[in-house]
Amino acid sequence: VTVQLIQAKNDRHVWADNFDREVLDEFATQSAIARDISQSIHRELKPDAATELVDLPTDNVRAYDLYHQARTLFRTEPETEAVLLKQRELLEDAVEADPEFVEAWAELNAVLDAMIRNVRQMGWFVSEGEDAEAVLTLLRAETRRALDKAISLDPDNLQTLLAQAADDEAELEAEFQEERKKLLDRILAEYPDNAMAWYLMGWWQHQQGNTETAGAAFTKAIELDPLNVHFVWGTVNHHAIVGEQEKLTALNERLAQISPEAGASTGFSRTDGSIRLFNLTNAFVAEADPQILDRYGEILFDPETTFFSPIVELAHTMIYWALRNDPDRILALEERLELGDSPAQFEVRLFNDMALT
């Protein structure tokens, strides 16, 4: 292995060395080389970083490789049906290769949880003629199994704690928000440089309506992992929803640089239409001015208006016709949801999720 250290600002060569080892144990060799490199460049390792060089999460090379392939997809690819299915396949193979691989079980839980969220919000993973609720029931069982396995193997493992804090299903329960905050505070106290914890804290603050604090947490996550497409994409969504156009524009530029596919797929060149429509809803309730509803319709049906997701656009359309007192249109739109929610239940959940209530 030949290693070079380059000063990126001026392309200056700083240091280089060769490491020749007989590969008897892949992980032991990897750890030895990493230690040699750190000593060669006189880097002072923190105790937890030094431990990571020795205490690898599994001694199964195939499981380790599959796990890192899945993690790489998370960092480098936008969230799509195909990417989530591939991550699931990789992680299921990893835990089959090593059933005691706690990090892989926790990561599998996170992927399955993301699939559940996208069934609800985007209608993904549901074939034509298939019952969405049946798909959700199966995914929920698999998600619970993965999380229970991770907890049983190591309840204090970082990835296990992150999986619990990221539980999208549990966040529908009001009491979970307090538990999530406790988990995130604990993780950040023990691992202050964990980018995922800061990213999750950003969404927690977002859901509480703490826009400035949420933005700071998202910024910290990106500073710690600047090329993580998932973090940048999620932060773009945050700024689109809360209407911070300047930050949105800058983040869109970064997203397009690190992942042109992700940059093209967000559609967030402008702030999300939901924030404008929500403000108009409040204004109409306060003033009962028909002209406000006219403006609502202009924004809602403008082809240039962007939304956080198709399901959000659908919900706003339902709200519009509710304000217009047109129950027939509401019932027709409700059938498209295929989620079993009444318009009122869906509206409450929507605005709770967006932290706009």
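Residues numbered from 1 in each chain as written. Predicted model: local features only at pLDDT ≥ 70, side-chain atom pairs only at ≥ 80, totals over all residues. Heavy atoms only, no water.

J.: Could you give an account of the overall build of the protein chain, naming the residues involved and the relevant values?
T.: When you go through the protein chain residue by residue, the secondary structure sums to 18 helices and 2 strands. Split into buried and exposed, the 357 residues of the protein chain put 45% on the buried side. Taking the intrachain contacts of the protein chain between residues at least 6 apart in sequence as the baseline, contacts between residues at least 24 apart amount to 56%. Just so you have it, the protein chain exposes about 18,700 Å², and 50% of that area is on carbon and sulfur atoms. (Helix = DSSP H or I, 4+ residues; strand = E, 2+ residues; numbered from the N terminus. Buried < 20%, exposed > 50% of the residue type's maximum accessible area, 1.4 Å probe, protein only. Contact = heavy atoms within 4.5 Å. Areas by Shrake-Rupley, 256 points an atom, 1.4 Å probe, with all protein chains shown as cover.)

J.: How would you sum up the packing of helix α8 (residues 176–190) against helix α9 (residues 195–207)? Please name residues and give values.
T.: Two elements in contact, α8 and α9, have axes separated by 10 Å at closest approach and are oriented at 150 degrees. In this view, α8 runs roughly antiparallel relative to α9, as classed from their interaxial angle. The hand of the α8/α9 crossing is left-handed. Across from Q177, R180, K181, L184, D185, I187 and L188 in α8, the residues of α9 making contact are A197, W198, L200, M201, W204, Q205 and Q207. The residue inventory of the contact of α8 with α9, partitioned by class, reads 8 nonpolar, 3 polar and 3 charged. (Axes fitted to C-alpha atoms, helices over the stretch in contact; angles between N-to-C directions. Parallel < 35°, antiparallel > 145°, perpendicular 65-115°, else oblique. Left-handed = near helix turned anticlockwise from the far one by under 90°. Nonpolar A, V, L, I, M, F, W, Y, C, P; charged D, E, K, R; others polar.)

J.: Break down the environment of A256 for me, with residues and values.
T.: With respect to the secondary-structure elements, A256 resides in helix α12 (residues 245–258). By relative accessible area, A256 is classed as partly exposed at 37%. A256 sits 27 residues away from V229 along the chain, and the two C-alpha atoms are 9.7 Å apart.

J.: Tell me about the packing of helix α5 (residues 102–122) against helix α7 (residues 158–165), and please be specific about residues and values.
T.: Interhelical geometry of α5 versus α7 gives an angle of 15 degrees and a closest axis separation of 8 Å. Considering the angle they form, α5 stands roughly parallel to α7. Crossing geometry of α5 relative to α7 is assigned as left-handed. Packed against α5, whose contacting residues are V102, E103, A106, E107 and N109, the element α7 presents Q159, T160 and A163 at the interface. Of the residues in the contact of α5 with α7, the class split is 3 nonpolar, 3 polar and 2 charged.

J.: Pulling in residues and values, what's your account of the nonpolar core?
T.: Ranked by size, the top nonpolar core spans 32 residues in total, and within it L84, L91, A104, L108, M115 and L139 carry the most contacts. Counting residues per element, the ones that place at least two in this core are α3 (61–76), α4 (81–97), α5 and α6 (132–153). With 11 residues, α5 is the largest single contributor of residues to this core. If sequence neighbours within four positions are ignored, M115 has contacts with L84, L85, R88, F125 and L139. Core analysis: the next-biggest nonpolar cluster, separate from the first, contains 17 residues, F218, V232, W233 and L251 among them. (Core = buried A, V, L, I, M, F, W, Y, C linked by side-chain atoms within 4.5 Å.)

J.: Before we move on, could you go through the environment of Y67 and cite the residues and values that matter?
T.: In this structure, Y67 sits in helix α3. The exposure class assigned to Y67 is buried, which follows from its relative accessible area of 5%. Once the C-alpha coordinates of Y67 and E92 are considered, the two residues, 25 residues apart in sequence, prove to be 9.3 Å apart. Those residues in contact with Y67, other than ones at most four positions away along the chain, are L91, A94, F101, E103, A104, E107 and Q159.

J.: How would you explain the pairing of strand β1 (residues 2–7) if you had to name every residue and give the values?
T.: Here 6 bridges tie β1 to strand β2 (residues 12–18), and the two strands are oriented antiparallel to one another. Along β2, the bridge assignment pairs Q7 with R12. Count of turn residues in the β1/β2 antiparallel hairpin: 4 residues, of which D11 carries a positive phi of about 60 degrees. (Pairing = 2+ DSSP bridges.)

J.: Explain the packing of aromatic side chains residue by residue, including any values.
T.: Applying the stated criterion across every chain yields a total of 9 aromatic pairs. Pairing W203 with F218 gives two aromatic rings, centres 5.2 Å apart and planes at 80 degrees, and the pair type is edge-to-face. Residue W203 is found in helix α9, and its partner F218 is found in helix α10 (residues 211–224); the two are separated by 15 residues along the sequence. Here W203 falls in the buried class, since its relative accessible area comes to 18%. (Phe/Tyr/Trp six-rings, centres within 6.5 Å; stacked < 30°, edge-to-face > 60°.)

J.: Mind laying out the side chain of E79, listing which residues take part and the relevant values?
T.: Here E79 shows up in the loop between α3 and α4. The exposure class assigned to E79 is buried, which follows from its relative accessible area of 15%. Among the polar contacts made by the side chain of E79, one reaches the side chain of R117 at a distance of 3.0 Å. There is a polar contact of 2.9 Å between the side chain of E79 and the side chain of N118. In this view, E79 contacts L84, A114, R117, N118, W124, H230 and W233; residues no more than four positions away in its chain are not counted. (Polar contact = N/O pair within 3.5 Å; in protein donor to acceptor, adjacent residues only side chain to side chain.)

J.: Break down helix α15 (residues 290–300) for me, with residues and values.
T.: Every buried residue of α15 is accounted for by I292, L293, Y296, G297, I299 and L300. Buried residues of α15, viewed axially, fall in a sector of 165 degrees; they line one side. Along α15, the residues that are exposed and aim more than 90 degrees away from the buried face are P290 and Q291. (Arc of directions from axis to C-beta.)

J.: So what's going on with the pattern of salt bridges? Residues and values would help.
T.: According to the stated counting rule, one finds 15 salt bridges in the structure shown. Notably, a salt bridge pairs E133 with R140, separated by 3.0 Å at the nearest N-O pair. Sharing partners across several salt bridges, the network here consists of D156, R186 and E190. (Salt bridge = Lys/Arg side-chain N within 4 Å of Asp/Glu carboxyl O.)

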